Every structure is written in C-alpha cells, then in structure tokens.
Amino acid sequence: MIRPDSAGICYGDETPADRDTFGVLWARMRQAPGEGRPDFPSMHPMRQRQVQAERLCQVCGETASHTREGWLFLMNHDGSDIYEGAKTTKPPVCLRCAALATRHCPHLTDPVGVRSRRPKLWGVFGTIYTPTPTACLRPHHDHHLPYGDRALNWFLASQLVVELKRCTIVDLDTEFKAINP
C-alpha cells in the first residue's frame, strides 16, 4: 500500500523486520524450512539476504569458501574474462556445494569460479511500484537499484545484490582437489 505520507510503499501491519538497515522494504514469504518442494530458480528472500550479507554458502548455509584470493562465487561464463565490478544476487558457495552445483545445477550452463576479495553490498533486486492517478500501485518487475537511490521508497526487495571487487578467476578443478585430493 501507499504510505500515509505518499512518499513510498509500506505494509499496513509493517514491523521493523520488514525493512533492512538501509530502510528498504522486503518481500514477505512464509518461513517453513524443510517443508514443500525446492524452487531452484528463486531463493527465499530472507535466506538469500542472510547468506549474501553474512557470506554463507547459498546451498548449505555453512561458511562459504574463503581463501587469500577471496570468497568463491559461481558465475556463468559470459564470453568475457572480466568479472571485476560484476553485480550478483547469487551468494557465495563452499567448495563441496560448488562441486555439486557445477555438475547438477541446470542454471549453471558454463560455470566459472570467481573469487572476490571485497564483495560489497551494492543494492537490491525486486519490484518497483509507481502510483497511478487512482491511487493504485503498478508493479514493474525485475529491477536492480543501488542503495541510496531515491526510488527505493517505492521498491519491494526480494534479493540482496553484491558487487564483486578485487576479483580473480580460479580453476574450479584445481579448487575441488582441495576437497577430493
């Protein structure tokens, strides 16, 4: 709904847990770990936000792989070998889960391992709403907005975005030898 001051969106029964430390409103989703079927293309908003912010493995929730070269992120090869400054909603992974994901994840069609020494919170991914002349809200899905953007008052976040800084591309087969010598 539109906030009483008409300066953005809110929940009618909003609590402090509905917004992050930057004041961005987050999508609500029922939390029932272990119930239902996995929806691999999407990640639960609160789980994604937690593992991304705390550098936990997006698969198992344990500490993600971290070496002197940085945190391990799996990316699809995009034809470039430059990932410096790349923005991603996919949290880092541990080596065991990276080995499984590169073999079984249908979304990793051409996986590349990128280690980032300085993954930086950049912003959010989700839906921006615009008010209509009749005081309804029109959604515009799948947008990335950086923290600090004035449009964030009209934004419903579903994923935390990090920018990869100080990146190194790594040989995943060599990395996996550390867990299976």
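Structural data are supplied above this passage.
Residues numbered from 1 in each chain as written. Predicted model: local features only at pLDDT ≥ 70, side-chain atom pairs only at ≥ 80, totals over all residues. Heavy atoms only, no water.

**Some remarks on the overall build of the chain**
Counting secondary structure elements, the chain contains 3 helices and 9 strands. Element order for the chain, N to C, with α for helix and β for strand: β-α-β-β-β-α-β-β-β-β-β-α. Judged by the C-alpha coordinates and their principal axes, the chain covers about 65 × 35 × 25 Å. A burial count over the chain gives 43% of its 181 residues as buried. The contacts in the chain between residues at least 6 apart in sequence include a share of 65% that link residues at least 24 apart. For the chain, the exposed surface amounts to about 10700 Å²; the carbon and sulfur share of it is 53%. (Helix = DSSP H or I, 4+ residues; strand = E, 2+ residues; numbered from the N terminus. Buried < 20%, exposed > 50% of the residue type's maximum accessible area, 1.4 Å probe, protein only. Contact = heavy atoms within 4.5 Å. Areas by Shrake-Rupley, 256 points an atom, 1.4 Å probe, with all protein chains shown as cover.)

**As for the pairing of strand 8 (residues 155-163)**
With 8 of 9 residues buried, strand 8 lies mostly within the body of the structure. Sheet topology note: the strand 1 (residues 25-26)/strand 8 ladder contains 2 bridges and is parallel. In the sheet register, L25 faces strand 8, and the bridge partner there is L156. Note that strand 4 (residues 87-88) and strand 8 share 2 bridges and pair antiparallel. (Pairing = 2+ DSSP bridges.)

**What to know about helix 2 (residues 95-104)**
Within the sequence span of helix 2, burial applies to L95, C97, A98, A99 and A101. Buried positions along helix 2 lie against strand 3 (70-76), strand 5 (111-116) and helix 3 (172-177).

**Re the pattern of salt bridges**
Counting across every chain of the model gives 8 salt bridges. Across the salt bridge formed by E163 and K87, the nearest N and O atoms sit 3.8 Å from each other. Linking E163 in strand 8 with K87 in strand 4, this pair joins segments that are 76 residues apart in sequence. Linking K165 and E163 is a salt bridge whose minimum nitrogen-to-oxygen distance equals 3.7 Å. Look at K165 and you get partly exposed, because its relative accessible area is 30%. The buried category is assigned to E163, whose relative accessible area is 11%. Salt bridges here are not isolated pairs; linked through shared partners, they connect K87, K120, E163 and K165. (Salt bridge = Lys/Arg side-chain N within 4 Å of Asp/Glu carboxyl O.)

**Considering the packing of aromatic side chains**
Overall, the coordinates contain 1 aromatic pair when judged by the stated rule. Between the aromatic rings of F22 and Y147, the centroid separation amounts to 3.8 Å while the plane-to-plane angle is 20°, which identifies the pairing as stacked. With F22 in the segment before strand 1 and Y147 in the loop between strand 7 (137-146) and strand 8, the pair connects residues that are 125 residues apart, well separated along the chain. Among the residues examined, F22 registers a relative accessible area of 48% and is labelled partly exposed. The exposure class assigned to Y147 is buried, which follows from its relative accessible area of 17%. A cation over an aromatic ring shows up here: R28 above the ring of Y11, its NZ or CZ 4.0 Å from the ring centre. Geometry around W26 places R49 over its ring, the cationic atom sitting 4.8 Å from the centre. (Phe/Tyr/Trp six-rings, centres within 6.5 Å; stacked < 30°, edge-to-face > 60°. Lys NZ or Arg CZ within 6 Å of the ring centre and 35° of its normal.)

**Remarks on the sheet that holds strand 5**
Strands sit in the order 2-3-5-9 across an open sheet of 4 strands; the sheet is antiparallel. Of all the strands in the sheet, just strand 2 (66-67) and strand 9 (167-170) have a single pairing partner and so form its edges. Sheet topology places strand 5 next to strand 9; 4 bridges connect them, and they run antiparallel. Counted as the bridge partner of G113 is V170 from strand 9. Each of strand 3 and strand 5 is contacted by helix 2, which is oriented at about 10° to strand 3, the strand it contacts most. (Axes fitted to C-alpha atoms, helices over the stretch in contact; angles between N-to-C directions.)

**Some remarks on unusual backbone geometry**
Of all residues except glycine, most have a negative phi; of all peptide bonds, most are trans. The phi dihedral of D142 is positive, around 60°, even though this residue is not glycine. Judged by relative accessible area, which is 58%, D142 ranks as exposed. Although it is not a glycine, R166 sits at a positive phi angle of roughly 55°. Locating R166 in the fold gives a position in the loop between strand 8 and strand 9. On the basis of relative accessibility, which here comes to 40%, the residue R166 falls in the partly exposed class.

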